[in-house]
Each structure stands twice: as structure tokens, then as C-alpha cells.
Amino acid sequence: MKTRRIDNYGKINRDKILSFRWDKKNYKGFEGDTLASALLANNIGIVGRSFKYHRPRGIFSSGVEESGALVTIGSKDRRDPNVRATTQELYNGLEASGQNAFPNVNFDLAGINNYLGRFFAAGFYYKTFMGIPPLEWGKGTAIWMFFEKFIRKAAGMGSASGLPDPDTYEHAHDFCDLIVVGSGPAGVAAAIEAAEKKLDVILVEQDSLIGGNQLAENDFDNSQIKNQLENLGIKIMTRTTAFGLYDNCVVGLLERVTDHILAPNVNIPRQRFWTIRAKHIIVGAGAIERHIAFNNNDIPGVMTVNASKHYLNRYGVLTGKRIVIATNNDSVYETAHQLSEAGANVTVLDSRTNFEIETNKSFEIRKGYVPYNINGSKKIDSLDISKSETINKSETIDCDQVLLSGGWSPAVHLLSHRGVKPKWDYNNACFLPSDTKENITMVGSSRGLWNKNDCIASGIAGTTDALNRLGISKTNYFFPKPGGWKNPIQPLYEVKYKKSRSKSFVDFQHDVTTDDVRLAHREGFISVEHLKRYTTLGMANDQGKMGNIIGLSLMAELLNKEIPEVGTTVFRPPYTPVSIGALSGRNVGKHFRPLRVTPMHQWNIDHGAKMIEVGLYQRPWYYPKENETLSDSYIREASTVRKTVGICDVTSLGKIAIQGPGSTEFLDRIYSNGFSKLQVGKARYGIMLRDDGIVMDDGTSWRLAENEYFMTTSTGEAAKVMSWLEELLQTRWTDLNVNVTSVSEQWAGVSVAGPKSREVLNNCVDDSLVITNNKLPFMGVTSTFLKGNIPCRIARISFSGELAFEVYVKSDFANTMMDLLWENAKKYDGCLYGLEALGALRVEKGHVTAAELDGRVTIDDAGLSKMASTKKSYIGSAMRKRGVLKNDDREILVGFFPTNLKETFNAGTIVCEKNNIKGQGIGRITSVTYSPELGHWIGIGFVKGGLDKWKDTTLVGADPVRNKQMNLKVVSPHMIDPKGERMYA
Amino acid sequence: MIRINCPYCGERDHSEFSYGGDATINYPSLDASEKEWTEAIFFRKNIKGFQFETWHHSNGCRMWLVVERSTVTHEIKSVKPCHPDLQKVVKNNK
Ligand SMILES: [Zn+2]
């Protein structure tokens, strides 16, 4: 196979040869190559198969707009699908393969799809498999679900590795005065001007080299520019794409740190996701050359003119020998000249008839000619051309390459991210950026400037604009007028040749043809947004960078409108794809979210705890003895608490210090029950409502002193309650002198529960007299000392229904406290118990937690009507009485037994009447447990009408998810010791 | 990304803050009628343009702020503490 590399061209390092593999064969390239240039140099024409029709596809471009050369890079867990070969730098050992083909891109069995084209036209899947709405929704959807997996396999691109990503990614942040996107002549001029005016500048370039499209010039050398930028202190970020603009001049960048290296250093992230906060943004993102739609315009060997120039002058690759260039504008002639100088036989077809261009006559110009059909399948054999006025079979040119230039589209994408709509420019046949009030300035060919001097002038003007807007200067400036070609462009988007059934592609990426656009029009999908969704025009990796305008122009023609009347689709971030890895950064695995542990976390683990996540907290779940399962363990733990004593870490509860002369009044307003008469040295269980009368949270507040309280909240609502209290004090009740402080981290808490709990504590406190039944009655609070002079707070609070105490010490003393309590609890055959046993104990008592208080439940629903004071007003007191919350059919808290006591059930079970098992039923079971005390499964939950209505009726528990059903008996939620005699003991 | 200039902490990303709600509501007294409360908590204007809203600097100084923000452009015109005493402190320090 002959090489296409030619001597004396290109900026590649020919002294450094790189080996790489393409579809399991070995090839060589040079340092400075992209995968695309190396493939072209090795004369590899077919690099992929198209999305739907599996047509052979080659390399269309030399940049981010590529929609043909999407390949898979790497193998095993580093396999990266849908990589643009045109932007993938070559490295020694690179492994790449074609996609969407079996067995390979040269011979693909699914190529048959090409001949079944009519089945794959736009909307085919919807119409055939998803039913004809609205009549066949149900049926069609089922058929779709059956066929979907086959369709998805046939139409698709590369596949992900499915393995954990071995690379790391980072999130990084920076600030600057000015960020310049793009290092072409405009961007560089802007950056230099700004740095000279003492602005702090970041210059971002997606390529590995700075220079922009100048890299396609044969005499361009960027080393001087680079030195100048560096000397001015400009931060240059290459291999970095500005993928999105956001509010307040925030720019999202993706820096590809090691994508050009085979075996990256594990200490370096593969990619960095930058958030840059700038004061001004200058976008010099360039322009993208468009192709032209005509029959078989996707055969490998078709390319943009500018791409061919890049391959010649940057990579030393002559992409064709007998080249036909088809154009409608002046931009191609320099390239035509250089290609013919490099040894190619070049013919230019220019759709215009009346124009003047200076050339050295080394190539032929056919004025008023256009291409209308390519002959060939895996490569170009010849090109049918015609006079542009009427397309008639006239002439065939022998050629091996067709280069296209249908005009240039300024890269207005980033500005579009800010909701700024571009405006159509008839003279230049392109969308130009509109002005914006935000600190964003477009420069260079992104504002439709086609020659270098204009670009440089616009860069300097852009920086002056930035300085003015930042209030640093007040200098007049002007931008050069869009355009810059000698002869005007003649709009040319499609060459229509009716006598052929070949496909004419608008958007290569998703195989969208001109016929698809016409079909969409016939079926009424004429708005731009509908056109996009119906045909998938402008979707996927390239986001229509080349094809969008062609699609718009076709629709405009069909509607007999102008392009701006048809509209433009809104570009949204990202400009080029951003990997999920970069988005998640270091927030993966264990670092996916913060982890909270209690100060006795290690102590719990050392004593055999199995942990469970509750919110962000790690809490002891159960403490299995040898061979014990979860249920063995929690049943033993719960029984032990009822029999003797158990110790449980309750540190994760929210804890808030409430201080100041208004504290009592404050609590009286936020809790539904009264706090004004709570004595110092007593605690009270309280319920907080939201403004709308629904329960927000429950907890206890301990009056430590006249104006000082210690509040506990549930684990899950701790942060919300804290914010709520702050909101009330800072926004509504600004006259109340109260200070709230979160002390959740400062105190370690433990519950000591069971008939022997006082005896255990007696051995642990300095002065056992302080915890006698007299000194510390039920709901009593004391501040005292544990042995070893450890200050502590003890409250006689019970969640289990047993005699119980909550003991709090400063977090630093947590382990000492646990050692002390555990040593003494063992003397009474006590146990450590976890969340599962805690749950069992509270369900037996009918106590509600987050599972019940789910944001829909009122005090009355929860059976806690007594907690709603009638003597005062409080948050939610008016709204809890509104009609909808007082309906007879509210779901009320009850207990459930399985009628057959040997049966089990699960939380989530829907409660129904016997002959009416459907929908949401009449209630639900929210928490279940095996009750060691009762010897069978029990649950609590809600049922419409409550206990009174159903106590003599057998209901049905439906659990369709687990395919279970059981008869239920409705009982009081207080299933054990309903009078609470044990707690008061 | 919205950037909010907290009077205590300085300009920070909005991810440090939690959105509150309409800052112009005069919440009725606790013993006010159901009707008054219904007005206060369920009825909101859907403003196009600048509106006053509360934000909590939950991952910062914990101050509740009144932010004057455009619902169209996210432009922020002013930021001040909700609490009148804190407003005075901020003013005096300027
Ligand atoms: Zn702050």
C-alpha cells in the first residue's frame, strides 16, 4: 500500500516514528499526527460505518465537526467509543478500531441496510413499532419494547467498556479578568492587547497547538506567538475546550490531560473539568466549513476543502491525486493552488458564473458547474457534474477525491448557550452572532470575518470592548464588517438530481438525507425543533456543526421562506462531548457523597457492629454474635433491651443549642405543643409543623436553664430544622432575642434502655443520687458527671417504651463513655443494639419516624392530636384545620397484624378492602418488624378512617412488587404496654 | 452559574446557597385566619424580571439574604441581610 505522505510538507516530527494499531493491524505515523492524518497517510479510506445504513464512511474534516471518523480508542477498561479520529493525537502504542460494523468497517454484513433504506427513513421507528397515536398507544408501545433491543443494536455507534473506569478525573477552579476562547489570529490579538493593558488573561485552545486555522498554512510557525504570550504572563491552556458558557461569565472547560499518552501516570488525572469565573469572555472560536448535499456525498474520499489543506500543510499528507473541488465561494482557491503545487491534479467546480479570481492557472476552473452524483461505493471512482442552472446528465470526471465548500458557519455555539439568537447574514450566507448585554464579545471568523487582518483588528477591538465594559477605559473602537472575500458567496446547499434514487446526505452523523427533511415537511414537522426531533438532524456527537444550515435551507425552500424565517435550533452545552468521568470528578466510589461517622464509629465496629447508611451517616445496624443473621441478631438485641438493658449510639440525631431571653417564646411558637410551662430540668417531646399544617419533624427539647434549651431533631431532618429555625429568627421574628447553634458534632449521644438501665447508669455516674426516680423522673434532665470527671447531660427519655436514658458527653469523651457503659451493661447480660432493633422496639410502641412522617401526614393522621395545643397559636395551627386535612377519609396511623400470625409482610404493602384490591387501596404499611415480645410480625401504617372503622374487619395487604398478598387485622399502634408503665418505672 | 455577593463572605457560587422563597411575603400573625395564611403560603406571583427572594448562605455564614434577581437573565441587582439589625451593621461597615 502506497503512502500518501509527501516530502517537504507538514509540521510533523519525521524523526519520531510512532507505531499504532488500526483494526488489529500495525501502522506507523509521526509525532504531531492525529489518528486521522496517520490513517490518511496510510491510505486508509474507510474508517467507520454509518449510523443507520451502515454505509462506509471516511474522514470528512480535520476537527471537532467530524461526523464520519468516529472510532473506538483503547481496549478493555480504557475503551473509549465515539472518539473523533480528527482530534485524537497519535501516540506510540495507540489502539483504535472502527465502529458499528461486523466483522469490520471494510466488510460489514449490516451494509444490507443501505438497500432497505426506505424502512429507515425518518420517523420509521415511531410509526412502525410505537403504534399510530393516539389509537394504538398501548399495543404499539409493547411492540416497540420487544423490538427496541434489536433496533438499538443495529443502529448505533461504539459501545462503552462496561467496566469501571480506571482513570481519575479532577475538578479545578480558576478566576481571571478575561478568558479568550480560541488561539487564532483574533484570539491571540485580543489576549495580547488585554495582557498589555494589565488584565489577568487565560487563553484556551482545544487543539494541542496554538494558532487556530493558521495551522493549515504552510508557512505558519507558532513559536514566536507562544513566546510572546508567555512573556506577557498569559495562562495558555491547550488541549482544553470551552464547552459551555454560563451565568455571570462562568466558563466550563474540559482539559484533556493524558488522552494523548498511552500509559498515563496514575498520579495525573486523565481530564480536568475547569470552572472559570471570569469578568469578561472573548470568543474567537472560528468558523466551520460546510459541505454540500448531493447524491452519494458521503463516499469515503469526500472531505471539506479546509480539511485537505490541514492534512497537506500540517501533516504532510496529500489526500488525493485527482481532486475535484466543489464550491460556491472564494475560500478554496488558495488550497486548490497549494494542492496542485504539491502534485495533485485539481479541478475546481464553482457554482458561480460571474466572478474574478487570480490564479497561476495550475488548475482548471469550471465556472457555473456543480457536482450532482458520486460514482463508487467504498471509494470515489468518478464524479458526475452539471451546469448549475439545470441539473442534467452531462459530464463525468475521473477523480479519487471530492473536496466540498458550501460556505462557512461562524461558531456561534458558545454565545447561543447564553440564549443569544444569531442573526442570518444574506451577504455571507451564514448566521452571525448578535450583541449581548452580558460581558461576552465575539471576535474573528466567529463574527463572520474571513481574512486575517480583519480578524486581528477584531481581536483588538474585542479587548477594547471588554476594557470599556469593565470600566477600565472609555475608548472608541469598531469591528471590521463581516465578510472579506473578493467575490460574494452564492448560496448553495443542495444539488438536486431527481432521476436518481441515491442518497443525498444533510447530516452524516445520523444518516439524515434530503429526503428525510422532505418527508418531515410532508408530515407536518416543519418547525425547526420538530424537524430536529423527527429526523434527528443535528443530534449526537457533532450536534449538526456541518449539516444544520443545509437542513434549514431545505426546509426554507419547502416552505417557500427565507432561512431566518424558519429559525435556528438553539445550541446547548456542551460544544463537544464531555465524559461522565470528568463531570463526576473525584466524586466517585467512596467519595460519591460525604460520609458522616459518629465519634464512636470505630468503637462500634470494634465491638462487632455491622453498619448501615442513614442519610450521610454510618450507623450501627446490628451486632451479630457468631453465625447470627440480621434477624437473629436484632431479635436477640430487642429482646435483651426488654429483658435487661441495651446500649445504642444515637449521636446522629440533630442537636441544636437554643439560647437567649426569647427561647421559651420561640419554642412555644415552633412546636405544636406547649413549652411555656416546661420547668428547668425537664425535657418534652415536641412536634413541629410546617406553615401548611403538615408535620415537619419531631424531637425533644430539654430546658437546661431559664433561657437555655437543648433540642434534638430526627437524623434526617436535622439540617432542614436548623435552616428553618434560622429563617424564622432572621426573617419573620426578628424581634425575638434568640440564638440557635448547631451542636450536632459537639455531642456524642447514647441511649441506655431496659429495666436494668438505671442500675447500669448508677455504676457509671459520679453521684448515683442524681438519677433516682425522684431526682430524675420520666422526662427529667440533669447535667452531671460520669466517672472520671466527664461532664454529661442525662435525660430520662424513652423511644423503646422501657425505662431508658439518653446520655450525652462531649464528642471527645465518646469512647470513654462507651467503654464505661458497656463494661457495666455486661454485668447485667446487656447488649449493644443497632438500628434494626431500635426499629423493632419503636414499631412495637407505635412511635412514628421518617417512614411515617413523610411530608403528607398531619398530627391527627399520626394519632398525636393531644400534641396540638388548643391554648396557643403556633406555626401551622391555622392551616392544620383546613378542610382538606380534616376529611373523614384521611389515612390514620394504625397497627397491623397478619391475620395468620405465621405470615410476614413488608413495608410498602398496599392495604385494600377485601373485594376491592386495586390502585392505591385504602392505606399502606410503612414499617414492619418481627416482634420478639408478641412472637409474630407486626407493622404500623395508615388506613383511611383509622382503627375505629376497621378494627373488626379483615383487610388485605397487597404487595404486587413481591407478588405477595395476606389478610390483615387492624390494631392499635401501641402494641406493647399501651399505658407506658414500664417507662415510668 | 449564579454568583451571589454575600454581605459577610463576599461573592460566592450559588451552590453554597439554598434558595428560600418570595422575600416580599408578610407572614400573618400565628393567630391569623386560615384565609390569611392561605394567601401567604400558597399564592405567588410569577414575575418576569426582577424579584426579591430569600437565599440562605447554608454552606457559608448561615445568613438569610434578600436577593434582587432577574428571573429572565439571573442578573442580581442587590443583596442584603434579611434581619434589619444585620442590615444596619452591613451599612455601617461600608
Ligand atoms: Zn455568607
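Residues numbered from 1 in each chain as written. Chains lettered and ligands numbered in written order. Predicted model: local features only at pLDDT ≥ 70, side-chain atom pairs only at ≥ 80, totals over all residues. Heavy atoms only, no water.

Here we look at the overall build of chain B
- Along its length, chain B carries two helices and six strands.
- Ordering the α and β elements of chain B from the N terminus gives β-β-β-α-β-β-β-α.
- The proportion of buried residues among the 94 residues of chain B is 38%.
- Surface exposure of chain B reaches about 5700 Å², of which carbon and sulfur atoms provide 48%.
- For chain B, the distance from the average site of its 13 positive side-chain charges to the average site of its 12 negative ones is 5 Å. (Helix = DSSP H or I, 4+ residues; strand = E, 2+ residues; numbered from the N terminus. Buried < 20%, exposed > 50% of the residue type's maximum accessible area, 1.4 Å probe, protein only. Areas by Shrake-Rupley, 256 points an atom, 1.4 Å probe, with all protein chains shown as cover. Lys, Arg positive; Asp, Glu negative; His and termini not counted. Charge placed at Lys NZ, Arg CZ, Asp CG, Glu CD.)

Quick notes on helix H12 (residues 548-559) of chain A
All names here are of chain A.
- In this model H12 runs 17 Å from its N-terminal to its C-terminal C-alpha over twelve residues, within 8% of the 16 Å that 1.5 Å per residue would give.
- Taken across its twelve residues, H12 has nine buried, putting it largely inside the fold.
- Those residues of H12 that sit buried are Asn548, Ile549, Ile550, Gly551, Leu552, Ser553, Leu554, Met555 and Ala556.
- A positive phi of about 60 degrees marks asparagine 560, the residue just after H12. (Expected span 1.5 Å × (residues − 1).)

Looking at the pairing of strand S16 (residues 322-327) of chain A
Residue and element names in this part refer to chain A.
- Counting buried positions over the six residues of S16 gives five, a clear majority of the element.
- For S16 and strand S17 (residues 345-350), the ladder comprises six bridges, and the chain directions are parallel. The partner of threonine 327 across the bridge, within S17, is aspartate 350.
- The sheet contact formed by S16 and strand S22 (residues 401-405) spans five bridges and is parallel. Within the sheet, the bridge partner assigned to isoleucine 323 lies in S22 and is glutamine 401. (Pairing = 2+ DSSP bridges.)

Brief notes about the sheet that holds strand S5 (residues 70-73) of chain A
Residues and elements named next belong to chain A.
- One open sheet accounts for five strands, arranged S2-S1-S7-S5-S6; its pairing is mixed. The open sheet has two edge strands with one neighbour each: strand S2 (25-31) and strand S6 (80-84). On average, each strand axis in the sheet is tilted by 40 degrees relative to the strand beside it, whichever way the strands run. (Axes fitted to C-alpha atoms, helices over the stretch in contact; angles between N-to-C directions.)

Digging into helix H11 (residues 528-535) of chain A
- Buried within H11(A) we find A:Val528, A:Leu531, A:Lys532, A:Tyr534 and A:Thr535.
- Positive phi appears at A:Thr536, one or two residues downstream of H11(A), with a value of about 65 degrees.

Thoughts on the environment of A:Lys421
All names here are of chain A.
- As for its position among the elements, lysine 421 is in the loop between helix H8 (413-416) and strand S24 (423-425).
- What makes lysine 421 exposed here is its relative accessible area of 60%.
- With eleven residues separating them along the chain, lysine 421 and leucine 432 place their C-alpha atoms 9.1 Å apart.

Some thoughts on the confidence of the model for chain B
Residue and element names in this part refer to chain B.
- For chain B, per-residue confidence averages 95 on the pLDDT scale, and 99% of positions sit at 70 or higher.
- Across chain B, the element-wise mean pLDDT spans from 88 in helix H2 (residues 84-93) up to 98 in strand S4 (residues 50-56).
- Here the predicted complex scores 0.89 on pTM and 0.98 on ipTM. (pLDDT = per-residue confidence, 0-100.)

Focus: the coordination of the zinc ion
Residue and element names in this part refer to chain B.
- Taken together, Cys6 (SG), Cys9 (SG), His57 (ND1) and Cys61 (SG) make up the full set of protein donors to the zinc ion, lying 2.0 to 2.3 Å away.
- Each of the four donor atoms around the zinc ion contributes to a set of angles spanning 105 to 117 degrees, which defines the coordination as tetrahedral.
- Going along the chain, you hit the donors of the zinc ion in the pattern C-x2-C-x47-H-x3-C. Taken as a pair, cysteine 9 in the loop between strand S1 (3-6) and strand S2 (10-13) and histidine 57 in the loop between S4 and strand S5 (64-70) lie far apart in primary sequence, 48 residues in all. (Donors = N, O, S within 2.8 Å, 3.2 Å for Na, K, Ca; no water. Tetrahedral: all angles 85-135°; square planar, octahedral: opposite > 155°, others 65-115°.)

So, the confidence of the model for chain A
- Scored by pLDDT, chain A has a mean of 93; 96% of the residues are at 70 or more.
- Considering only residues more than four positions removed or in separate chains, one finds that residues 131-138 of chain A, a stretch of pLDDT under 50, has seven contacts. (Contact = heavy atoms within 4.5 Å.)

Some thoughts on the environment of A:Ile917
Residue and element names in this part refer to chain A.
- Following the sequence through the fold, isoleucine 917 ends up in the loop between strand S43 (910-912) and strand S44 (923-931).
- For isoleucine 917, a relative accessible area of 37% translates into the label partly exposed.
- C-alpha separation for the pair isoleucine 917 and glycine 957, spaced 40 residues apart in sequence, amounts to 8.7 Å.
- Residue contacts for isoleucine 917: discarding those within four places in its chain leaves Cys912, Val956, Ala958 and Gln965.

Considering the interface of chain A and chain B
- Contacts between the two partners involve 29 residues from chain A, matched on the other side by 23 residues from chain B.
- Across the interface of chain A and chain B, roughly 2200 Å² is buried in total on both sides, 57% from carbon and sulfur atoms.
- Summed over the three residues of chain A that lose the most area to chain B, namely A:Asp247, A:Gln730 and A:Met879, the buried surface amounts to 24% of that side.
- Connecting chain A to chain B are two salt bridges.
- Note that B:Asp13 and A:Arg277 form a salt bridge whose closest N and O atoms lie 2.3 Å from each other.
- Run the count over chain A and chain B and you get eleven residue pairs in polar contact (both at pLDDT 80 or more).
- The greatest single-element share of the side of chain A that touches chain B, amounting to eight residues, is contributed by helix H18 (residues 718-732) of chain A.
- Across the side of chain A that touches chain B, the residue classes tally to ten nonpolar, nine polar and ten charged. (Buried area = accessible area lost by both parts, 1.4 Å probe. Salt bridge = Lys/Arg side-chain N within 4 Å of Asp/Glu carboxyl O. Polar contact = N/O pair within 3.5 Å; in protein donor to acceptor, adjacent residues only side chain to side chain. Nonpolar A, V, L, I, M, F, W, Y, C, P; charged D, E, K, R; others polar.)

Focus on the packing of helix H10 (residues 514-522) of chain A against H12(A)
Residues and elements named next belong to chain A.
- Direction vectors running N to C along H10 and H12 enclose 45 degrees, while the axes themselves pass 10 Å from each other. As the angle between them shows, H10 and H12 are arranged oblique. Viewed along their axes, H10 and H12 form a crossing whose handedness is right-handed. Residues Thr514, Val517, Arg518 and His521 of H10 form the contact with H12, whose own contacting residues are Gly551, Leu554, Met555, Leu558 and Leu559.
- When its residues are assigned to classes, the contact of H10 with H12 shows five nonpolar, three polar and one charged. (Parallel < 35°, antiparallel > 145°, perpendicular 65-115°, else oblique. Left-handed = near helix turned anticlockwise from the far one by under 90°.)

Focus: the sheet that holds strand S19 (residues 369-375) of chain A
Residue and element names in this part refer to chain A.
- With antiparallel pairing, the three strands of this open sheet are ordered in space as S19-S20-S21. Whereas interior strands pair on both sides, the edge strands pair on one side only; in this sheet they are S19 and strand S21 (395-398). Here the strands of the sheet are splayed against their neighbours by 35 degrees on average, with no regard to which way each runs.
- The pairing of strand S20 (residues 382-387) with S21 spans four bridges and is classified as antiparallel. Looking at S21, one finds that leucine 383 is bridged to isoleucine 397.

A closer look at the pattern of salt bridges
Residue and element names in this part refer to chain A.
- Applying the stated criterion across every chain, the model contains 60 salt bridges over all chains.
- Note that glutamate 628 is salt-bridged to arginine 636, the shortest N-O span being 2.6 Å.
- One salt bridge connects lysine 872 with aspartate 668, and the closest N-O pair in it is separated by 3.5 Å. Placement of lysine 872 in the loop between helix H21 (835-845) and strand S42 (891-898) and of aspartate 668 in helix H17 (residues 663-670) is noted, with a sequence separation of 204 residues between them.
- Relative accessible area serves as the criterion here: at 14%, aspartate 668 is assigned to the buried category.

Quick notes on the domain arrangement of chain A
All names here are of chain A.
- The domains assigned to chain A are domain 1 (601-652 + 746-840), domain 2 (658-709 + 716-738) and domain 3 (887-985).
- Between domain 1 and domain 2, the C-alpha centre-to-centre distance is 26 Å.
- The interface is formed by twelve residues belonging to domain 1 together with nine residues belonging to domain 2.
- Roughly 780 Å² of surface becomes buried between domain 1 and domain 2 when both sides are summed, with 71% attributable to carbon and sulfur atoms.
- Contact with domain 2 buries area across many residues of domain 1, yet Met779, Val781 and Arg793 alone supply 63% of it, more than any other trio.
- There are zero salt bridges connecting domain 1 and domain 2.
- Here domain 1 and domain 2 share three residue pairs in polar contact (both at pLDDT 80 or more) between them.
- Of all elements in the fold, only strand S38 (781-786), strand S39 (790-795) and strand S40 (804-810) reach the threshold of two or more residues within the side of domain 1 that touches domain 2. (Domains from an automatic or database assignment.)

Structural notes on the packing of aromatic side chains
Residue and element names in this part refer to chain A.
- Evaluated as defined, the whole model comprises 23 aromatic pairs over all chains.
- Ring-pair connections join several aromatic residues into one group, and the members of that group are Trp702, Phe710, Trp747 and Tyr808.
- Stacked on the ring of phenylalanine 505, the Lys or Arg arginine 57 has its end atom at 4.7 Å from the ring centre.
- The positively charged end of lysine 367 is found above the aromatic ring belonging to phenylalanine 355, 4.7 Å away from the centroid. (Phe/Tyr/Trp six-rings, centres within 6.5 Å; stacked < 30°, edge-to-face > 60°. Lys NZ or Arg CZ within 6 Å of the ring centre and 35° of its normal.)

With respect to the side chain of A:His310
Residue and element names in this part refer to chain A.
- Tracing the sequence through the fold places histidine 310 in helix H6 (residues 305-313).
- A residue is classified by how much of its surface remains accessible, and histidine 310, at 7% relative accessible area, is buried.
- Not counting residues within four places of it along the chain, the set of residues in contact with histidine 310 comprises Ser62, Asn213, Leu215, Ala216 and Tyr315.

Some words on the pairing of S4(B)
Residue and element names in this part refer to chain B.
- Burial of S4 is extensive: five of the seven residues sit out of reach of the surface.
- Alignment of strand S3 (residues 18-22) against S4, held across three bridges, turns out to be antiparallel. Bridging across to S4, aspartate 22 finds its partner in glutamate 53.
- Sheet topology note: the S4/S5 ladder contains seven bridges and is antiparallel. The residue bridging phenylalanine 50 from the neighbouring strand is serine 70, located in S5.

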